[in-house]
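Summary of structural features
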Amino acid sequence: MKKKQFKTESQKLLDMMINSIYTHKEIFLRELISNASDACDKLYFRSLTDSTVGMAQGDYEIRLTVDKEERTLTVSDNGCGMTEDDLENNLGTIAKSGSFDFKRENAGKDGVDIIGQFGVGFYSAFMVADKITVTSKAFGEDKAHVWESEGIDGYTVSESDKDTVGTDIVLHIKPDTEDEKYSEYLESFRLQSLVKKYSDYIRYPIKMEVENEKLKEGTKDEYETVKEVETLNSMVPLWKKNQADVTAEEYNRFYSEKFFDYEAPIKVVTQKSEGTATYTALLFFPAHTPFNYYTKEYEKGLELYSGGVMIMEKCADLLPDYFSFVKGLVDSSDLSLNISREMLQHDRQLKVMAKAIEKKIKSELEKMQKDDRENYEKLFGAFGLQLKYGLYADYGMHKDVLKDLVMFKTSAEGNKLKTLKEYTETLKEGQTSILYAAGESIEKIDRLPQVENAKARGYEVLYLTDDIDEFALKMLGKYDDKDFKNVTADASLLETEEEKKAVEDDNKAAEEMLKYMKEQLGDKVFAVRFSASLKDHPVSLSSEGELSVEMEKTLNKMPGSDGMAKAQTVLEINREHPIAEKLKALYESDKDKLASYAKILFAEARLINGLSIDNPTEFADLVAGLM
Ligand code: ADP
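Residues numbered from 1 in each chain as written. Predicted model: local features only at pLDDT ≥ 70, side-chain atom pairs only at ≥ 80, totals over all residues. Heavy atoms only, no water.

Regarding the pattern of salt bridges
Note the following rule: What makes a salt bridge here is a side-chain nitrogen of Lys or Arg within 4 Å of a carboxyl oxygen of Asp or Glu, nothing more. Think of it this way: any DSSP run of H or I at least four residues long counts as a helix, any run of E at least two long counts as a strand, and we number them from the N terminus. Burial here depends on accessible area, computed with a 1.4 Å probe over protein chains only, as a share of the maximum for the residue type. Under 20% is buried, over 50% is exposed, and the range in between is partly exposed.
The full count for this structure, using the stated rule, is 47 salt bridges. Here E61 ties to K207 by a salt bridge, and the two come within 2.9 Å at their closest N and O atoms. Of this pair, E61 sits in the loop between α2 (27–47) and β1 (62–67) while K207 sits in strand β7 (residues 206–215), and the two are 146 residues apart along the sequence. For K162, the salt bridge goes to D168, with nearest N and O atoms at 3.3 Å. Judged by relative accessible area, which is 15%, K162 ranks as buried. Because the salt bridges share partners, they merge into one network encompassing E26, E184, R190 and K197.

Some details on the site of the ligand
For clarity, the threshold we go by: Being near a molecule or strand, for a residue, means having at least one of its heavy atoms within 4 Å of it. Definition of a polar contact: a pair of N or O atoms within 3.5 Å, with one able to donate and the other able to accept a hydrogen when the atoms are protein atoms, and with sequence-neighbouring residues admitted only if both atoms are side-chain atoms. Per-residue accessibility takes into account occlusion by the displayed protein chains alone, with areas from the Shrake-Rupley method and a 1.4 Å probe. Each residue is assigned to one of three groups, with Ala, Val, Leu, Ile, Met, Phe, Trp, Tyr, Cys and Pro labelled nonpolar, Asp, Glu, Lys and Arg labelled charged, and all others, Gly among them, labelled polar.
In the vicinity of the ligand lie ten residues, with N35, D77, N90, G121 and F122 positioned nearest. Here an oxygen atom of the ligand and a side-chain polar atom of N35 are 2.7 Å apart. The contact in question runs from a nitrogen atom of the ligand to an N or O atom on the side chain of T167, over 3.5 Å. Contact with the protein chains hides 77% of the accessible area of the ligand, taken as 540 Å² for the molecule alone. Considering each element in turn, the shell around the ligand owes the most residues, three residues, to α2. For the shell around the ligand, a count of residues per class yields four nonpolar, four polar and two charged.

Description of the domain arrangement of the protein chain
What counts, and what does not: For every domain, the bounds stem from an assignment made automatically or drawn from a database. Any two residues whose heavy atoms approach within 4.5 Å are treated as being in contact. A 1.4 Å probe defines the accessible area here, and the buried area is the portion of it lost by two parts on being joined, summed over both.
Each domain of the protein chain was delimited in the assignment, giving domain 1 (10–231), domain 2 (238–376), domain 3 (406–486) and domain 4 (497–626). Computed over C-alpha atoms only, the centres of domain 3 and domain 4 are separated by 24 Å. At the junction of the two partners, domain 3 supplies 15 residues and domain 4 supplies 19 residues. Buried area between domain 3 and domain 4, summed over both chains or domains, comes out near 1500 Å², and the portion from carbon and sulfur atoms is 54%. When the buried area of domain 3 at its contact with domain 4 is split by residue, P449, Q450 and F471 rank highest and sum to 35% of it. Across the contact surface, domain 3 and domain 4 share two salt bridges. Between D467 and K557 there is a salt bridge, with the nearest N and O atoms lying 3.1 Å from each other. Our count for the contact surface shared by domain 3 and domain 4 stands at nine residue pairs in polar contact (both at pLDDT 80 or more). At the level of secondary structure, the elements contributing two or more residues to the side of domain 3 that touches domain 4 comprise α14 (449–456) and α15 (468–476). No other element matches the five residues that α14 contributes to the side of domain 3 that touches domain 4.

A short note on empty space enclosed by the protein
Rules: Whether a set of points on the 1 Å grid over the protein atoms alone is a cavity depends on a 1.4 Å probe fitting there but being unable to get out, while an open set qualifies as a pocket with protein on both sides within 12 Å along at least five of seven lines; lining residues are those with an atom within 4 Å of a point. Grid points are joined across faces, edges and corners, and a volume is the space filled by probe spheres set on the points.
One pass over the full model with this rule turns up one cavity of 30 Å³ or more. Space inside the largest cavity adds up to approximately 110 Å³. Among the domains, domain 1 (10–231) and domain 2 (238–376) are the pair contributing at least three residues each to the lining of the largest cavity.

Points about the nonpolar core
We apply this condition: Buried Ala, Val, Leu, Ile, Met, Phe, Trp, Tyr and Cys residues that are joined via side-chain atoms within 4.5 Å together make up what is termed a nonpolar core.
By size, the foremost hydrophobic cluster in this structure holds 68 residues, and its most contacted members are L318 and F323. Taken together, domain 2 (238–376) and domain 3 (406–486) each give at least three residues to this core, which thus spans both. If sequence neighbours within four positions are ignored, L318 has contacts with L302, L304, V330, L350, M353, A354 and I357. Formed by 52 residues, the second largest nonpolar core is a distinct cluster that contains A129, V157, L194 and I206.

Section: the layout of surface pockets
Space inside the second largest pocket adds up to approximately 400 Å³. As for the second largest pocket, its lining consists of 27 residues, of which A489, D490, A491, S492 and S543 are closest to the centre. When residues of the lining of the second largest pocket are traced back to their parent elements, those giving at least two are α15, β19 (482–486), α16 (497–509), β20 (527–531), β21 (539–544) and β22 (568–574). Take the lining of the second largest pocket: its biggest share by element is four residues, from α16. Taken together, the residues that form the lining of the second largest pocket break down as eight nonpolar, eight polar and eleven charged. Both domain 3 (406–486) and domain 4 (497–626) contribute no fewer than three residues apiece to the lining of the second largest pocket.

In structure tokens:
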């Protein structure tokens, strides 16, 4: 028989397994049992729509058989089985889940227990076996086949006479060495405890023949060894157990295996609900942003089970978009098993569950925010952007859910994250608005003259550093009767009555001059004005109307916007800066020079506000001309 070669990737993984110095080799059993359980799921699933399967849910089982003489351990199932092609494709290549690259890159890194956390599937059996024989008959096929391999130098596939549907995986257990006692995997007590440890919640019975000491019939004190087939697992799914009976480690392992995350979740949430909708939910908040989270590839959803049997892998309708980062599952006996996707969308029961789950997530997040601030901030760092998008989305429909969950850094000591509620608790006397400023970074926002001014006057300012922030606050409109004000949009916002009066007088007196400057700048600006809000700096930009300068920047970054968004930009000139007198003098003596000044000051203001200047060459020429 011709030996076939493993695919390159598989060879690498195999090599890792065969030469493994990994101390938890025992996990191979969990991997094989989990595959067997999946195979039973598949056939059971099929039986729902195909009466020729002829098996009831109670007929499926997984069996462990030990032969000490032959040093073999066999894992059998009566699930869907594999065709010849399946054997080639599934066992000749590692699963294409993409997790392999991850495994390889991170193998051996400190703290990342890849094998333990992910599982590496079928190949992990090569950690304890030097030869593996897989005999399988797929449902609906006439012929069964045998796949056999002694490791790295390839495998063979041939026909077999197995006549029942399912799979037998025979492991030829390695001989013991100085360091490694492989024989323990031939001891029934060891196998029993491994099943308890790793596979207790598997839904199908895992059976094995065990030897029990029993009282001999008719005697009072004579014992005999009786061989009995026992079911080793309790078959209660993890989510059906009381949270108090499940260790954090069990939850974490369940999470990372199921959702392919190398980091433990930041929070585990369980919910049991009875009444309008009866269900159990097990939810996880991940500790970091999945690499594809903010892309179209990311699919939200919870696994959906009906009475312990999975009926959908990602039920998107169970999670609102703003909580799309939540992973987990929902098990409800109210749903029919063979419900289709289309039917589900209209299912009233599902809608009720989705609402209740949303409420639960919200209250858990609020609890974290209050009692476990550090982790909440970590979570917000990973998924806060999504919450802010949620605030803005659907015309602000979800603001009541989200307004207390979002946070912003502020100009108060330490620049800590604050909720809107926390901000409003420390308003300055007489302050009726929530003040903010937008920009790329805290450092850049801090350099804006109006922000400097606000801080000097003792006001706290929210730093909006994400593009969505200002849009989200605009959508929110008000928080607790306080409106939101952009300190850079309305320069006169913080001026005292006297200052306002002085600025107004200045503007009136220099009306002609300011108009002349505006004309020189054309429609690049809406107006040129004096201001008392720029601290010691000569100029800055503000805006009139709905759109701020920062919002214009964001909108124009979007593909296809073509610079359509235009804020009504106002060039503010500091009335107390020497430049103010200089400009007034130039208007009398040298209008051409004033025109150059107008252009230079406008360009400077754009730079201060983090915008580029349209014509840098002209700017350079003008400045050099004045020098
Ligand atoms: P994974 O389980 O992560 O997909 P494995 O290497 O463990 O990766 O298994 C590869 C594939 O082989 C499985 O996806 C499944 O299609 C198939 N397979 C493994 N064991 C069995 C089995 N007992 N019955 C049917 N198919 C199986």
